Amino acid sequence: METKESMYSKAWYDVLGDMLSPTDINLLRLLNEDGRLSDAELARKLNVSVSTVRARRRYLEDRGILKIVGVIVLKNLNLPYADVIIQLNHKQLNKYYGEYLEYLINNDKIYEITQYLNNYVMIRVFDKDYQQLLDTINSVILSGKEIIKRYNIFVAGTTYKAWGRNVL
């Protein structure tokens, strides 16, 4: 019978096994669970040397595969947040890739930006309360009114899993 951890590892091996070594996959998996693990702790868990962990971590970081960041679990702060799915006007993409994307990236109340195929963008917006959240979303929409074809707002209720882990 497979444990939760072995099933998790198997999924990662199935997806990443042709691109990364087993050590790299396990290193990524462990850091995804706890990005604060030291190289010595990682070496012990992986049964390799500290120098191997350092070399593999640097390899993954240098290629942009691994980036260790702190994330805020917004729901644990009782902050309202919403995902806004925007469909861009394909005739205005130059404006999106110029001014508007820069505006979105530099907006401190936008927590995440993901671009999808077919001119869709998801932005995750948070604020102090629901009224301010709505004001922030309206500001984001108004700033892009020339290039936004349509949009939908989905106010978040509960996030169960994020960044590959249970956040409850």
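See the structure above.
Residues numbered from 1 in each chain as written. Predicted model: local features only at pLDDT ≥ 70, side-chain atom pairs only at ≥ 80, totals over all residues. Heavy atoms only, no water.

Novice: Now, about the pairing of strand β1 (residues 81–88): what can you tell me, with residues and values included?
Specialist: Along any regular strand the residues' side chains alternate between the sheet's two faces. For β1, the tally of buried residues reaches seven of eight residues, placing the bulk of the element in the interior. Both β1 and strand β3 (residues 120–126) contribute to a ladder of seven bridges, which runs antiparallel. Bridging across to β3, valine 84 finds its partner in isoleucine 123. (Buried < 20%, exposed > 50% of the residue type's maximum accessible area, 1.4 Å probe, protein only. Helix = DSSP H or I, 4+ residues; strand = E, 2+ residues; numbered from the N terminus. Pairing = 2+ DSSP bridges.)

Novice: Which residues make up the side chain of glutamine 87, and what are the values?
Specialist: Within the secondary structure, glutamine 87 sits in strand β1. The class for glutamine 87 is buried, based on a relative accessible area of 12%.

Novice: How would you summarise the packing of helix α5 (residues 93–106) against helix α6 (residues 130–143) if you had to cite specific residues and measurements?
Specialist: Viewed as axis vectors pointing N to C, α5 and α6 meet at an angle of 160 degrees, and their least axial separation amounts to 10 Å. When the interaxial angle is binned, α5 and α6 end up roughly antiparallel. α5 and α6 meet at a crossing whose hand is right-handed. In contact with Tyr100, Tyr103 and Leu104 of α5, α6 contributes Ser139, Val140, Ile141 and Ser143. Per-class residue counts for the contact of α5 with α6 are five nonpolar, two polar and no charged. (Axes fitted to C-alpha atoms, helices over the stretch in contact; angles between N-to-C directions. Parallel < 35°, antiparallel > 145°, perpendicular 65-115°, else oblique. Left-handed = near helix turned anticlockwise from the far one by under 90°. Contact = heavy atoms within 4.5 Å. Nonpolar A, V, L, I, M, F, W, Y, C, P; charged D, E, K, R; others polar.)

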